[in-house]
Amino acid sequence: ESIVALAGSVAEAAQAATQIAASSQQQLVGMDQVALAMESVKQASTQNVDSAKQLEEAARNLDGLGRRLRELVKKFEVKDG
């Protein structure tokens, strides 16, 4: 009877170990997915920064063009009198 009880306990322990191994594997897969997602976030952030720099440069260029246009228009102003 003790041997039967021991065998039952060993079987339960083996089943628990199998479940723990399966859970560990699922966690590993989940961690891989999180790592991939974080890499995607990093890439998106880098693209965002690059886009912001390009937008800033374009705004500076547009400001310069506006100033230059204002200077050119002043040369052609018609004065009364």
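Residues numbered from 1 in each chain as written. Predicted model: local features only at pLDDT ≥ 70, side-chain atom pairs only at ≥ 80, totals over all residues. Heavy atoms only, no water.

Caption draft 1: Highlighting the overall build of the protein chain. Along its length, the protein chain carries one helix and zero strands. Dimensions of the protein chain, computed from the C-alpha atoms along their principal axes, are close to 125 × 15 × 10 Å. Taking all 81 residues of the protein chain together, 0% fall into the buried category. Approximately 7600 Å² of the protein chain is accessible, and the part contributed by carbon and sulfur atoms is 60%. (Helix = DSSP H or I, 4+ residues; strand = E, 2+ residues; numbered from the N terminus. Buried < 20%, exposed > 50% of the residue type's maximum accessible area, 1.4 Å probe, protein only. Areas by Shrake-Rupley, 256 points an atom, 1.4 Å probe, with all protein chains shown as cover.)

Caption draft 2: Fine view of the pattern of salt bridges. Under the definition given, this model contains four salt bridges. A salt bridge links Arg60 to Glu57, with the shortest nitrogen-to-oxygen separation between them at 3.8 Å. In this pair, Arg60 and Glu57 are both assigned in helix H1 (residues 2–75), three residues apart and thus about one turn of the helix distant. Across the pair Glu71 and Arg68 runs a salt bridge whose closest N-O atoms are separated by 3.7 Å. Of this pair, Glu71 and Arg68 both sit in helix H1, three residues apart, which is roughly one turn of the helix. Each of Glu56, Glu57 and Arg60 takes part in salt bridges that share partners, so that together they form one network. (Salt bridge = Lys/Arg side-chain N within 4 Å of Asp/Glu carboxyl O.)

Caption draft 3: Structural context of the environment of Thr46. Tracing the backbone through its elements, the reader meets Thr46 in helix H1. Separated by 22 residues in sequence, Thr46 and Ser24 have C-alpha atoms that sit 33 Å apart.

No statement about biological role is implied by the geometric values presented.
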